Amino acid sequence: MYSYGYRDRFLFFVRDRYETEQIYRENPFPYRETFRMISAHAIYYCLEGQMEIQSEGSRYLLNPGEICIMRESEGHVVRVTRFPTEFYDMSFSLHYFRIVDPEYRLYRPFVERQLGVGNVLKASAVNHELLKAAFDHVATTHDTYTRRIAVMGAMELVLLELLRAHRPENFKEPEERDPLTVKILDYINSHLAGEDLEPEALAARFYVSRSQLNRLIKNGTGFTLWNYITCKRLSHAFYQMQAGMSNKEAATDSGFQDYSTFYKAYVRFKGFPPKDDRPTETYDPMLTNFYQVDDSAILIGSK
């Protein structure tokens, strides 16, 4: 359940607390993992309890004080495994902080690593008092304008802490990392536009049955094979559209056989059609001209 938070079309920030598993099941995460995977970096900061994270063939356990990071296009699913639990849940556009960080240095911990590796920062590597003070300040704001500013400030501190601690020894090793699953996922990510990503072709290439293939992908990412491939293709299409490609060209370049399939998948996984992700006079997905609070800004809870 939300204690407090903020959301607009580029930034999501919330503090969640669940006393029991039943309450957790009745109040699922506010953002679908598929949406995050397509167009946002994500951070999970565990305060209490425990969370299990599946990411690109790896499995992690997130304990109190530890921070998990995910970059866009990194397939992952987060589950709470110990109650009561409390955590911060954050997602943000790749371009949200480009005004203060035009070189994108703050994003190095997200992008300068292999998928599924270096996801969890150890609790001992983090200045928790600094982060606690920044997050507590967010809770004191009571309108969308000032809360947006407070969240941006808190998020910058989080990213600076991640950048400061960005050394291999400060990150946990996965509890499990399956070599075959990683090999299959690497192949998928390198051949998104190919037609040989059909289940039968993939299973034959890696000498497994179709049911075993599906099980490997599900266990390694939390996604079904079809959902995983579709999200990866949608993510590729999203950035191709931002680079200037037409919707139809982006769909073809990303491996969709026809525009109708692409359109339906886009609506299903993102909740709106592709045209809503294209630049307009009032919407700038690349944030080259930083926007002010608009109708998408929502205040979540207050104290």
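Our structure is the block above this text.
Fair warning: this is a prediction, and the values are worked out from it, not measured in the lab.

**Describing the overall build of the protein**
Alright, step 1. The helix and strand tally for the protein stands at 11 helices and 9 strands.
Alright, step 2. Computed over C-alpha atoms, the radius of gyration of the protein comes to 19 Å, within 12% of the 19 Å expected from 2.2 N^0.38 for 303 residues, which places it in the range of a compact globule.
Alright, step 3. By principal-axis analysis of the C-alpha atoms, the protein measures approximately 55 × 45 × 40 Å.
Alright, step 4. A total of 303 residues make up the protein; the buried ones form 53% of that total.
Alright, step 5. Of all intrachain contacts in the protein linking residues separated by at least 6 positions in sequence, the fraction that spans at least 24 positions is 74%.
Alright, step 6. Computed over 37 positive and 41 negative side-chain charges, the separation of the two mean positions in the protein equals 2 Å.

**Here we look at the nonpolar core**
Alright, step 1. Core analysis: the largest hydrophobic core is formed by 40 residues, its most contacted members being Ile43 and Phe135.
Alright, step 2. Of all the elements in the fold, those that place two or more residues in this core are β1 (2-7), β2 (11-18), β3 (41-55), β5 (67-70), β6 (76-92), α4 (128-139) and α5 (144-164).
Alright, step 3. When residues in this core are grouped by element, the largest group, 8 residues, is from α5.
Alright, step 4. Look past the residues within four positions of Ile43 in its chain and what remains in contact with it is Ile67, Cys68, Ile69, Tyr88, Asp89, Met90, Phe92, Phe110, Met155, Val158, Leu159 and Leu162.
Alright, step 5. Met37, Leu197, Ile229 and Ala251 belong to the second-largest nonpolar core, a separate cluster that totals 32 residues.

**What to know about the packing of helix α9 (residues 225-242) against helix α11 (residues 259-270)**
The description of two packed helices rests on the angle between their axes and on the distance between the axes.
Alright, step 1. Between α9 and α11, the least distance of the axes is 10 Å, while the angle of their chain directions is 100°. With respect to each other, α9 and α11 are oriented roughly perpendicular. Here Trp226, Asn227, Thr230, Cys231, Leu234, Ala237, Phe238 and Met241 of α9 come into contact with α11, specifically with Phe262, Ala265, Tyr266, Arg268, Phe269 and Lys270.
Alright, step 2. The class makeup of the residues in the contact of α9 with α11 is 10 nonpolar, 2 polar and 2 charged.

**Looking at the side chain of Thr85**
Alright, step 1. Looking at the secondary structure, you find Thr85 in strand β6.
Alright, step 2. Within the structure, Thr85 has its side chain in polar contact with the backbone oxygen of Glu48 (distance 2.9 Å).
Alright, step 3. Excluding its chain neighbours within four sequence positions, the residues that come into contact with Thr85 are Asp16, Arg17, Tyr18, Glu48, Gly49, Gln50 and Val80.

Analysis parameters
- Residues numbered from 1 in each chain as written.
- Predicted model: local features only at pLDDT ≥ 70, side-chain atom pairs only at ≥ 80, totals over all residues.
- Heavy atoms only, no water.
- Helix = DSSP H or I, 4+ residues; strand = E, 2+ residues; numbered from the N terminus.
- Rg over C-alpha atoms; globule rule 2.2 N^0.38 Å.
- Buried < 20%, exposed > 50% of the residue type's maximum accessible area, 1.4 Å probe, protein only.
- Contact = heavy atoms within 4.5 Å.
- Lys, Arg positive; Asp, Glu negative; His and termini not counted.
- Charge placed at Lys NZ, Arg CZ, Asp CG, Glu CD.
- Core = buried A, V, L, I, M, F, W, Y, C linked by side-chain atoms within 4.5 Å.
- Axes fitted to C-alpha atoms, helices over the stretch in contact; angles between N-to-C directions.
- Parallel < 35°, antiparallel > 145°, perpendicular 65-115°, else oblique.
- Nonpolar A, V, L, I, M, F, W, Y, C, P; charged D, E, K, R; others polar.
- Polar contact = N/O pair within 3.5 Å; in protein donor to acceptor, adjacent residues only side chain to side chain.

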